[in-house]
Amino acid sequence: MLLIDEIKLKEHESEDKLKTKLLKKLHLKEKDLISYKVDKCAIDARDEILYVYRLKIEVIDEDRFYGLPYVRRYERYKDIKKIKSTIRPIIIGDGPSGLFAAVTLVDAGLKPIIFEKGQDVDGRQITVRKFFKEAILDPSCNVQFGEGGAGTFSDAKLTTRIKDPYIEYIIDKFIAYGADPKIAIASHPHIGTDKIIDVIRNMREDLISKGAQFHFSEEVKDFIVKQDAIKGVITDKDTYYSDIVILAIGHSAIDTFKALIKHGIYLEAKEFAVGFRVEHPQTLIDHNQYHGHKLKEPAEYFLRHRSQDERGVYSFCMCPGGFVIPSSAKEKTICTNGMSYSKRDNHLANSAILCQIKMSDLDDDLMSGYHYIEDLEKRAYAISGSYRALAQNIKDYIYGGSHDLIFEPSYFLGTTLYELDHFFDEKLNKAFKEALLAFDKKIEGFIDKGIMIAPETRSSSPFRVKRDARHQSISHLGLYPIGEGAGYAGGIMSSSLDGVKCALDIIEDLS
Ligand SMILES: Cc1cc2nc3c(=O)[nH]c(=O)nc-3n(C[C@H](O)[C@H](O)[C@H](O)COP(=O)(O)OP(=O)(O)OC[C@H]3O[C@@H](n4cnc5c(N)ncnc54)[C@H](O)[C@@H]3O)c2cc1C
């Protein structure tokens, strides 16, 4: 089977034309085409509106097409091998990485036990809404902690730059558990917070029916370690033994990181990024990205800039038609993030603008990065005196001034007007201002029509729990650090894939 890129349809052309265009592009006779179907579809609105397709095709004599620039071999993931083993792997954390490790292990016939410090999605929704409405935070269950992990109150974008056959496995699972089948062909698939919650609940119910065990509101507090091998975990309720412990804790469970450090489990500090959210009228983004054309889907953007002092500054987790949300996990701290519903129909667009924090910005101490992050969050709360995030017009940040915000931000808990020049340090201010001026050249009005909401601090882990090529800790046998917290993934899709890949290694080792 082959993948053929760059088959283009004009706005008024129907998909019936795809076959004719395909045959023409490949100089192929109809009798030599066995089958074709849409694999991906993207919109190109740079000039006229074009729908750009990737097709999956079966032809007689595939070999003669190899080497053409728009042709690739299609590789499907291998079905998960069934194995016979009585071992019950423990998974700490029910975010995308832990959940997809569980899905894969269950497909192999294993019965993992999953511990999640937060509540299940139904209880969690009530708890999170309480924070959004009344600013009452539960440090164990919030936007970052609870069933589904950090991406549950999100846009649930499933984009990644990683190319791997098991991405299709993950998409197939999302669809099987209730996501819109369109995510299979969308070039930038997203599920939306309203839909992902149902998908996660369906997943859990199915996994339980196949023997998996979920323990919600149960936090792993410590590890049972014997001669540099993990033998189980101690939670706030009981002790559980297993020779396989998958660590899928995300990047913010600081007490769990401290427990790892206490046992001498090998961790190192790594670079991360911090910044703020920007928010703009969605119409401004549409107008710029679609060049005045009218399209049903709200437009996205991805912007990046290399500052004069060699720092990457980039937009991240852009949420078209979305909301900037409070995502604190600790009391008296402020941290923002973004979320959209499946329809992406809010009138505002938001995105994080993040700047790389280099190792040279930090002390040698392993905890230095974590303290840097927490310091920003605590200072923001101290300035605001509440969970109201700090906000300023981008124009005022660049050119000076402190005028009323040009529009009401979507942030549920309100904002405190503050000159963000006084919040970030000089290096960051310089890099951000350079980048914003560059972004304004790409999206006209980015500075004049936008506001900043700060800080955004939890986009990546300041730690890496070092592991070998088979996902096992380099210091402790039986411990498998995965996902964003372990420092090996960033985002829902890459974290889910990390979970799948780790589980595949475990399945291989047990078979
Ligand atoms: C508001 C928001 C919106 C986002 N939007 C997107 C998006 O649209 N697209 C995208 O790709 N990415 C998005 N992200 C990032 C994405 O959610 C993360 O990259 C992803 O969730 C990481 O997955 P993970 O499994 O590694 O960790 P997490 O999702 O962080 O899950 C870790 C889980 O472990 C639990 N845990 C931690 N320690 C313990 C312990 N000791 N005992 C028991 N349980 C424990 C936590 O409670 C948590 O539920 C968003 C993040 C946020 C916060």
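What you see is a predicted model, and the numbers here were worked out from it, not measured in a lab.

Novice: Got a minute to help me understand unusual backbone geometry in this structure?
Specialist: It is generally the case that most residues other than glycine have a negative phi and that most peptide bonds are trans. The omega torsion across Ala454 and Pro455 is -5 degrees, close enough to zero to call that bond cis. Secondary-structure assignment places Pro455 in strand 21 (residues 451-456). Even without glycine at this site, Glu6 takes up a positive phi of about 65 degrees. Turning to its location among the elements, Glu6 is positioned in strand 1 (residues 2-10).

Novice: Sorry, what's going on with the site of the ligand here?
Specialist: Around the ligand, 38 residues are found, and the nearest of them are Ser97, Glu116, Ala150, Glu484 and Ile492. Note that an oxygen atom of the ligand is positioned 2.7 Å from one of the side-chain N or O atoms of Ser97. A distance of 2.7 Å separates an oxygen atom of the ligand from a polar atom in the backbone of Ile492. Here the ligand has 1,000 Å² of accessible area as a free molecule, and 96% of this is covered by the chains.

Novice: What am I meant to see in the sheet that holds strand 15 (residues 312-319) here?
Specialist: Hydrogen bonding along the main chain pairs the strands of a sheet, whether they run parallel or antiparallel. The 7 strands are arranged 14-15-18-13-21-19-20 in an open sheet whose pairing can be described as mixed. With one partner strand each, in any of the chains shown, strand 14 (304-306) and strand 20 (415-417) form the two edges of the open sheet. For this sheet the average axis-to-axis angle between neighbouring strands, irrespective of direction, equals 30 degrees. Pairing geometry for strand 19 (residues 389-393) and strand 20, over 3 bridges, is parallel. Along strand 20, the bridge assignment pairs Ala391 with Leu417. Most of the contacts of helix 8 (residues 368-384) go to strand 13 (residues 272-281), to which it runs at about 40 degrees, and overall it touches strand 13, strand 18 (348-357), strand 19, strand 20 and strand 21.

Novice: Would you mind showing me how to read the domain arrangement of the protein chain here?
Specialist: When the parts come together, some accessible area is lost, and that loss is often what is quoted as the size of the interface. With domains assigned, the protein chain is organised as domain 1 (2-73), domain 2 (90-268 + 463-510) and domain 3 (271-456). A C-alpha centroid distance of 27 Å is found between domain 2 and domain 3. Listed by partner, the interface residues are 29 residues for domain 2 and 26 residues for domain 3. Interface area, domain 2 with domain 3, both sides summed: about 2,300 Å², of which 65% is carbon and sulfur. On the domain 2 side of the contact with domain 3, Phe131, Phe132 and Leu137 bury the most area, a combined 23% of that side's loss. Our enumeration of links across domain 2 and domain 3 arrives at 1 salt bridge.

Novice: I would appreciate a short explanation of the side chain of Glu377 in the present structure.
Specialist: By the element assignment, Glu377 lies in helix 8. Taking relative accessible area as the criterion, Glu377 reaches 2% and is therefore assigned buried. Separated by 2.7 Å, the side chains of Glu377 and Arg458 make a polar contact. The contacts of Glu377, once residues within four sequence positions are left out, are Lys332, Thr333, Ile334, Cys335, Pro455, Thr457 and Arg458.

Novice: How do you make sense of helix 1 (residues 17-26) when you look at a structure like this?
Specialist: In an α-helix there are 3.6 residues to a turn, and that puts residues three or four apart on one side. All buried positions along helix 1 are accounted for by Leu18, Leu22, Leu23 and Leu26. Around the axis of helix 1, the buried residues are gathered within 130 degrees of arc, so they sit on the same side. Projecting away from the buried face of helix 1 at angles above 90 degrees are the exposed residues Thr20 and Lys24. Buried residues in helix 1 make contact with strand 1, strand 2 (33-44), strand 3 (50-59) and strand 4 (71-73). Two residues or fewer after helix 1 comes His27, characterised by a positive phi angle close to 50 degrees.

Parameters at a glance
Residues numbered from 1 in each chain as written. Predicted model: local features only at pLDDT ≥ 70, side-chain atom pairs only at ≥ 80, totals over all residues. Heavy atoms only, no water. Helix = DSSP H or I, 4+ residues; strand = E, 2+ residues; numbered from the N terminus. Near = heavy atom within 4 Å. Polar contact = N/O pair within 3.5 Å; in protein donor to acceptor, adjacent residues only side chain to side chain. Areas by Shrake-Rupley, 256 points an atom, 1.4 Å probe, with all protein chains shown as cover. Pairing = 2+ DSSP bridges. Axes fitted to C-alpha atoms, helices over the stretch in contact; angles between N-to-C directions. Contact = heavy atoms within 4.5 Å. Domains from an automatic or database assignment. Buried area = accessible area lost by both parts, 1.4 Å probe. Salt bridge = Lys/Arg side-chain N within 4 Å of Asp/Glu carboxyl O. Buried < 20%, exposed > 50% of the residue type's maximum accessible area, 1.4 Å probe, protein only. Arc of directions from axis to C-beta.

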